[in-house]
Amino acid sequence: MKRGFTLIELLVTITVLAILVTIIVVLVDPAEIFRKTRDARRMADLASIREALTFASVNSGGTFDLDGANSGTCSDEAAKTIYVSVPLDVSLHAAPSGWVWRQVAKNSIALVNGSGWISANFTGAAGGSPIFNLPVDPRNTSSTNSGQRFFYSYACRRGDGKIEINARFESADIGPGGQDDKSIIDGGDVDTVYELGSASNVLPIAGVY
Ligand SMILES: [Ca+2]
Ligand SMILES: [Ca+2]
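Since we're looking at a predicted model, the values are computed, not measured.

Engineer: What should I look at first to understand the sheet that holds strand β1 (residues 80–84) in this one?
Structural biologist: Hydrogen bonds along the backbone pair up the strands of a sheet, which may run parallel or antiparallel. Taken in spatial order, the five strands make up an open sheet running β2-β1-β3-β4-β5, and their pairing is mixed. Each edge of the sheet is formed by a strand with only one pairing partner; in this case those strands are β2 (99–102) and β5 (194–197). Each neighbouring strand pair of the sheet contributes to a mean axis angle of 25°, computed without reference to strand direction. Pairing between β1 and strand β3 (residues 153–157): two bridges, direction antiparallel. Across the sheet, the residue bridging to Val84 is Ser153, located in β3.

Okay, structure coming up:
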């Protein structure tokens, strides 16, 4: 005899499915997956920025201007500059003592011709630009709360041509304090910040994030 599902059977099936979905969501934690994906992108972005700056610098025999037309602002001067990827319409906290922020408008933020958030003019590099867009943080935002600020920062030092690029991670796993904490093993001088570059002591230790 042909027979459909009873109401009870349907209700039991729906309940079991709902429980399974809840278990999967709790186990998998989609929000953490998104945070981890953003952190992985931050690592890749900082590596490509470092490579582009290093390539341009080496290719030009060390004459590449690491902060472009802002030639008086590589961090040896009185008003030392921190270049940040967060756009001009986002207000930042006070810059670390002795430093000033440099932000550019959103529509030019990724440009590599000297008007992007890193003001080095890659298009003038010997052999052509090694990079076509300046990566920005996947969230690229600031906050009144320290530790909730997600943007890239950059500084160069005129004296020895050293550069440093920083980012802040957010995932429970590879973020600060996580099992696979990447910010503490980067060879830098700030445990809670991911630091890449040719020197870890170009950007200030406190007050950027
Ligand atoms: Ca670090
Ligand atoms: Ca550092």
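Engineer: Sorry, what's going on with helix α2 (residues 30–59) here?
Structural biologist: Owing to its 3.6 residues per turn, the α-helix brings residues three or four apart onto one side. With 30 residues, α2 ought to run about 44 Å at 1.5 Å a step, and its terminal C-alpha atoms sit 43 Å apart, in line with that. When α2 is considered as a whole, its buried residues turn out to be Arg35, Lys36, Asp39, Arg42, Asp45, Leu46, Ile49, Ala52, Leu53, Ala56 and Ser57. Contact partners of the buried residues in α2: β4 (162–167) and β5. Of the residues trailing α2, Gly61 is marked for its positive phi of about 70°.

Engineer: Explanation requested: unusual backbone geometry in the structure shown.
Structural biologist: As a rule of thumb, non-glycine residues mostly have phi less than zero, and peptide bonds are mostly trans rather than cis. One non-glycine residue, Asn140, lies in positive phi territory at about 45°. Examined against the element boundaries, Asn140 turns out to sit in the loop between β2 and β3.

Engineer: What's the story with the pairing of β1 in this structure? I'm lost.
Structural biologist: Looking along a regular strand, one sees side chains alternate from face to face of the sheet. Judged by how many residues are buried, β1 sits mostly within the fold: four of five residues are covered. As paired strands, β1 and β2 are joined by four bridges and run parallel to one another. Counted as the bridge partner of Lys80 is Trp99 from β2.

Engineer: Just checking my understanding: could you explain the environment of Val58 for this structure?
Structural biologist: Position of Val58 among the secondary structure elements: in helix α2. Residues Val58 and Ala126 lie 68 residues apart in sequence; the distance between their C-alpha atoms is 9.3 Å.

Engineer: Looking at this model, I keep getting lost on the environment of Gly68. Mind explaining?
Structural biologist: Mapped onto the elements, Gly68 comes out in the loop between α2 and β1. Gly68 sits in the partly exposed class, given 19 other C-beta atoms within 10 Å. Distance from Gly68 to Ile185, taken between C-alpha atoms, is 31 Å for residues 117 residues apart in sequence. In this view, Gly68 contacts Gly114, Ser119, Ala120 and Asn121; residues no more than four positions away in its chain are not counted.

Engineer: Can you walk me through the environment of Ile33 in this structure?
Structural biologist: Structurally, Ile33 is set in helix α2. By C-beta crowding, Ile33 is classed as exposed, having 11 other C-beta atoms within 10 Å. Separated by 140 residues in the primary sequence, Ile33 and Asp173 have C-alpha atoms spaced 9.8 Å apart.

Engineer: I'm lost on the pairing of β3 in this one. Help?
Structural biologist: Summarising burial for β3: five of the five residues are buried, a large majority. Where burial is concerned, the two faces of β3 agree: the one with Ser153, Ala155 and Arg157 and the one with Tyr154 and Cys156 are both buried. Both β3 and β4 contribute to a ladder of five bridges, which runs antiparallel. Considered in β4, the bridge of Ala155 is made with Glu164. Two successive antiparallel strands, β3 and β4, enclose a turn made up of four residues, where Gly161 displays a positive phi of approximately 70°.

Engineer: Would you mind going over helix α1 (residues 7–28) with me for this structure?
Structural biologist: A rise of 1.5 Å per residue sets the reference length of α1, with its 22 residues, at 32 Å; its end C-alpha atoms lie 31 Å apart and thus fit the reference within 8%. Among the residues trailing α1, Asp29 stands out with phi positive, at a value near 50°.

Engineer: In this structure, what is going on with the confidence of the model for the protein chain? I would like to understand it.
Structural biologist: Detailed reading of predicted coordinates is not advised where the pLDDT is low. Averaged over every residue, the pLDDT of the protein chain is 92; residues scoring 70 or more account for 99%. No element of the protein chain has a lower mean pLDDT than α1, which averages 83, and none a higher one than β5, which averages 98.

Calculation criteria
In this convention, every chain numbers its residues from 1, walking through the sequence in written order. Each chain takes a letter, starting from A, and each ligand takes a number, starting from 1, following the order in which they are written. Residues qualify for local features only when their pLDDT is at least 70, as the model is predicted, and side-chain atom pairs are given and counted only at 80 or more; totals for whole chains, interfaces and linings, by contrast, use all residues. A pair of strands is labelled paired if DSSP reports no fewer than 2 bridges between them. Only DSSP runs of H or I covering at least 4 residues are called helices, and only runs of E covering at least 2 are called strands; the numbering of each starts at the N terminus. Whenever a helix is involved, its axis is fitted only over the stretch in contact; in every case the axis is a line through C-alpha atoms, and angles between N-to-C directions fall within 0 to 180 degrees. What a helix should span is 1.5 Å times the count of its residues minus one. Three exposure classes are used, all based on how many other C-beta atoms lie within 10 Å of a residue's own C-beta (placed from the backbone): buried at 20 or more, exposed at 12 or fewer, and partly exposed between those limits. Here the contact rule is simple: place C-beta atoms from the backbone, and any two residues whose C-beta atoms are within 7 Å are in contact. pLDDT is defined as a per-residue confidence score from the predictor, taking values between 0 and 100.

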